[in-house]
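Observations on the model geometry
So the chains spell out like this:
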Amino acid sequence: MFRKTSSRLARQLMLSSAVALTMAAALPAPTWAQDNETITIASANDVISLDPHMLNSNHPTGSVIWSIFDSLVRRAPDGTPEPRLATSWERMDDVTWRFHLREGVTFTNGEPFNAEAVKVNFERMNTAPFSTYQQLHDQTGLKEVNVIDDYTIDLVTEAPTVNMLYWLAEAFISAPKYMTESAPDKVANEPVGSGPYKLESWQRDDRLTLTVNEDYWGEAPDAETVVFRVVPETSSRLNELRAGTADIAVDITPDIAGQADSDISSAVYVEGLRKMHMGINLNGEQPALKDPKVRQALNHAVDVDTIITALLDGKTVPIPSIVNPPNNNPDLKRFEYDPEKARALLAEAGYPDGFPLTIQYSTRYAGGKEVSEVVASYLSEVGIQPTVEAVELGQFREMLANTSTKGIYFMGWAALINPSVELVILTCGHVDNSSGYCNEEYDALVKKASQTLDDAERKKLEFQAQEIVWNDAPWLYLWRLPVVFGKANNITYDLRADNYVEPYLMIVE
Amino acid sequence: MLRFLLRRLFMAVIVLLVVSFGTFIIGHLTGDPVELMAPENATREAKDELRSYLGLDRPLLVQYFSFIGNALRGDLGFSFVQQTAVSDLILERLPATLQLAATGFVLSLLIAVPLGIFIALNRNTVWDFLATSVAMIGQSAPNFWIGLMLIALFAVQLRLLPVSGYGGISYLILPAITIALQSAARLTRLMRASMLEVLNADYVRTARAKGLRQKTVLWVHSFRNAMIPVVTMAGLELAELIGGAFITETIFAWPGVGRLAVNAVYQRDFPLLQGVVLFAATAFVLINFLVDLLYVVIDPRVKLS
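Residues numbered from 1 in each chain as written. Chains lettered and ligands numbered in written order. Predicted model: local features only at pLDDT ≥ 70, side-chain atom pairs only at ≥ 80, totals over all residues. Heavy atoms only, no water.

Attention now moves to the domain arrangement of chain B. All names here are of chain B. Looking at chain B, the domain boundaries give domain 1 (2–72) and domain 2 (87–298). In this complex, domain 1 contributes 19 residues to the contact, which on the side of domain 2 involves 15 residues. Interface of domain 1 and domain 2: buried area, both sides summed, is about 1,500 Å²; carbon and sulfur atoms make up 74% of it. On the surface where domain 1 and domain 2 come into contact, there are 1 salt bridge. Across the salt bridge formed by Arg-8 and Asp-292, the nearest N and O atoms sit 2.2 Å from each other. Inspection of the region where domain 1 meets domain 2 yields 2 residue pairs in polar contact (both at pLDDT 80 or more). Of all elements in the fold, only helix H1 (2–29) and helix H2 (33–37) reach the threshold of two or more residues within the side of domain 1 that touches domain 2. (Domains from an automatic or database assignment. Contact = heavy atoms within 4.5 Å. Buried area = accessible area lost by both parts, 1.4 Å probe. Salt bridge = Lys/Arg side-chain N within 4 Å of Asp/Glu carboxyl O. Polar contact = N/O pair within 3.5 Å; in protein donor to acceptor, adjacent residues only side chain to side chain. Helix = DSSP H or I, 4+ residues; strand = E, 2+ residues; numbered from the N terminus.)

Turning our attention to the pairing of strand E13 (residues 248–252) of chain A. Residue and element names in this part refer to chain A. Among the 5 residues that make up E13, 4 are buried, leaving the element largely enclosed by the rest of the structure. Looking at chain direction, strand E1 (residues 38–43) and E13 are connected through 2 bridges and run parallel. Counterpart to Ala-42 in the pairing with E13 is Ala-249. As paired elements, E13 and strand E18 (residues 475–488) share 3 bridges and run antiparallel to each other. What sits directly across from Ala-249, in E18, is Gly-486. (Buried < 20%, exposed > 50% of the residue type's maximum accessible area, 1.4 Å probe, protein only. Pairing = 2+ DSSP bridges.)

This part covers the interface of chain A and chain B. Facing the 67 residues of chain A at the interface are 63 residues of chain B. Taken together, both faces of the contact between chain A and chain B bury some 5,800 Å²; the carbon and sulfur share is 58%. For the pair chain A and chain B, the number of links is 5 salt bridges. With a shortest N-O distance of 3.2 Å, Asp-205 of chain A and Arg-93 of chain B are connected by a salt bridge.

Residue and element names in this part refer to chain A. Under the defined criterion, the tally for this structure stands at 1 disulfide over all chains. Here Cys-428 engages in a disulfide with Cys-438; their sulfurs sit 2.0 Å apart. On the sign convention where negative is left-handed, the bridge of Cys-428 and Cys-438, at about 95° about the S-S bond, is right-handed. With Cys-428 in the loop between helix H15 (419–424) and helix H16 (440–450) and Cys-438 in the loop between H15 and H16, this residue pair connects regions lying 10 residues apart in the sequence. Take Cys-428: its relative accessible area is 28%, and that puts it in the partly exposed class. (Disulfide = S-S within 2.5 Å.)

Helices that pack against each other are described as a pair by the angle of their axes relative to one another and the distance between those axes. Two elements in contact, helix H9 (residues 234–242) of chain A and helix H7 (residues 143–157) of chain B, have axes separated by 11 Å at closest approach and are oriented at 5°. Here H9 of chain A lies roughly parallel to H7 of chain B, going by the angle between them. When H9 of chain A is examined against H7 of chain B, the residues Ser-235, Ser-236, Asn-239 and Arg-242 of chain A are found in contact with a partner set consisting of Leu-148, Ile-151 and Val-156 of chain B. Residue composition of the contact of H9 of chain A with H7 of chain B, grouped by class: 3 nonpolar, 3 polar and 1 charged. (Axes fitted to C-alpha atoms, helices over the stretch in contact; angles between N-to-C directions. Parallel < 35°, antiparallel > 145°, perpendicular 65-115°, else oblique. Nonpolar A, V, L, I, M, F, W, Y, C, P; charged D, E, K, R; others polar.)

Moving on, we get to the sheet that holds strand E6 (residues 96–101) of chain A. Two modes of strand pairing occur in sheets, parallel and antiparallel, and in both the strands are linked by backbone hydrogen bonds. All names here are of chain A. In spatial order, the strands read E5-E6-E8-E7; together these 4 strands make up an open sheet with antiparallel pairing. One side of each edge strand has no neighbouring strand; the edge strands of this open sheet are strand E5 (86–93) and strand E7 (142–149). Across this sheet, the average inter-strand angle for adjacent strands is 20°, counted without regard to direction. Taken together, the 6 bridges between E7 and strand E8 (residues 152–157) define a ladder with antiparallel strand orientation. Among the inter-strand pairings, Val-147 is bridged to a residue of E8, identified as Ile-153.

Moving on, we get to the pattern of salt bridges. Counted according to the given criterion, the structure contains 32 salt bridges over all chains. Among the salt bridges present, the one from Arg-480 of chain A reaches Glu-271 of chain A, with a minimum N-O distance of 3.5 Å. Note that Arg-480 of chain A is positioned in strand E18 and Glu-271 of chain A in strand E14 (residues 265–280), a separation of 209 residues in sequence. Put simply, Glu-92 of chain B and Arg-93 of chain B hold a salt bridge, and the shortest N to O gap is 3.6 Å. Take Glu-92 of chain B: its relative accessible area is 42%, and that puts it in the partly exposed class. One network of salt bridges, with partners in common, ties together Arg-74, Glu-82, Arg-496, Asp-498 and Glu-502 of chain A.

Dropping the structure here:
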């Protein structure tokens, strides 16, 4: 009796909660906007800062800054400089560059764009904390910015440089008065630029909305509104694409890229610019690595082609040099997979029985564990005794900065198309030279090339430098990191290998 | 009562101090945030400059005391990475977090309490067996799996609800269900066990022997006593949810405190990390305090002194 009464009561309680649930499910579903004028881009992370001088990653921070601000020159996907706020430029002498600026451009707050604006921006870039992020001064040796007249400006460097146009493409110009007179967090949150879009709203970790800049000096973009959404989980990003609520999904790993293919969307593979390799630390725990023969042996011991087929679904190619195409020396010979030769080289170097070797990886690049394990198994076949070790990312970066990795380490370097910058990282004592490689002949060639303004002559020097470092093998050469996007089929746009996404060039059908 | 409040306040201050010091030390033990913040090809000088700009070149204790000093004045500092006030970053996420936590929590209580009582009263029946098994599965199934299954069904296949994001009520439904299911599974099992224990207690038998009405026995003698462990557990669950449901937030791209906290850890954004931990710890202390007050309401034998 007792039980019966109470269970009726409980049933009623249950019923009411079930009703609540049903009601929740019966709420009106959102209407799916099929508005062709909005492009939604889903990324893993949020924009860090909208201060154009705090740009520290290509996507999404870089993509948004490229959309809101202009630089003097634009970098085309193949690395060629194109006019943007500068209409033309010329070299006055070995250390002076003259830029002619676009007239009649205004920032979205009404301030005019002119040579003084460029000067104010470039000077701000060279102060802390911006100088850590902004590389114009460090990489080009820029020392003077001279205003000639309202629309002409001279940039003077310490020594001749071939890198000016490359780094100008990432030196963005904001409204000078607004920028210098506002609090830093205001500049970081309310950008004022002259680019194709302007900021409408930004809810951190959720969405950032851009709307078209009516006063843009160039051709008006196709989409009126662009939404950069943060969707941290990769499968959720792909689900958004399949459900039709995202047009571009960025930061997709090759292993699940297949999920991007549906009747309205597909996966897009781009041969990336990041050169994946196992860095070989000459100053680590294993002295054998100081011997170039040993390093060559490591390269002969690993079957890179097979790993590409097995682990990366064949979606990429081996790196041809430490310099990206089209600037690589085409005469370099790959280290063919040849375990016999590897064993012979090891014996020649005095290590017929191999040696213990630690392979380290971090979470920085997807698949670090798998790659390290496969490389370990190849190396153990030629007699080396490898151990695989995971390292936390921050610690890993500290190890790289201090050249203190234990042996070899999974690494990807420099998504750049700039031979000068790509080569300099392996010169003696360079901050990014995590392998401790040091060859004076190489250093001299690299330095000479970076100051040689004649294109053909410079190319020759760069090719020589590439050949020396390739054969000295401070890396165990692997592949170009494949970059994968998911794209809605009704969007026409060539996705870039450097991961910048430019919504103003997208055509919506 | 006043003495109780004062003692509680004193304890809260101690807890928050210990938590903040622990967070500070452990944070700094993980290493140098500048290595993660600077671009890969920044020069050594540029990194040093950033370090001194952020005040990271000062001795650790000096950094800690300046943090505490500012925190006492209500200033939690600037996020290293986002160059925005930490308190603004947390407040920005608060509506989303509270919305998800409250909905998930209420939903889980609406499921767990009636269901727990129902199966306790009908123990060893088919219903009991079914509900207990489902609760068992619900408790063991990982959040991300439940979330992904819900998305696959309701958002991609049926297209009834959005996949992820933050907005109107339609965006809230799937993440709230994901949170509620797991929490409800735990609470249902506890409710059932607690109810069974009370129903077998001597005083309930006495009450029944006295000839009291079943309704009185159930609501006055059994239910309130059975609720005590459930309230404790539910309080902990709610405090945890307000501190952030990282996995659910990640799958549903929900801009809550959990993701803020985890990103702060990954980026070694110490001021932000300390701010978020202090926030979560305060929520914990506060909710525990409310649970203590609730005990008095539920059980008159409990005295606050």
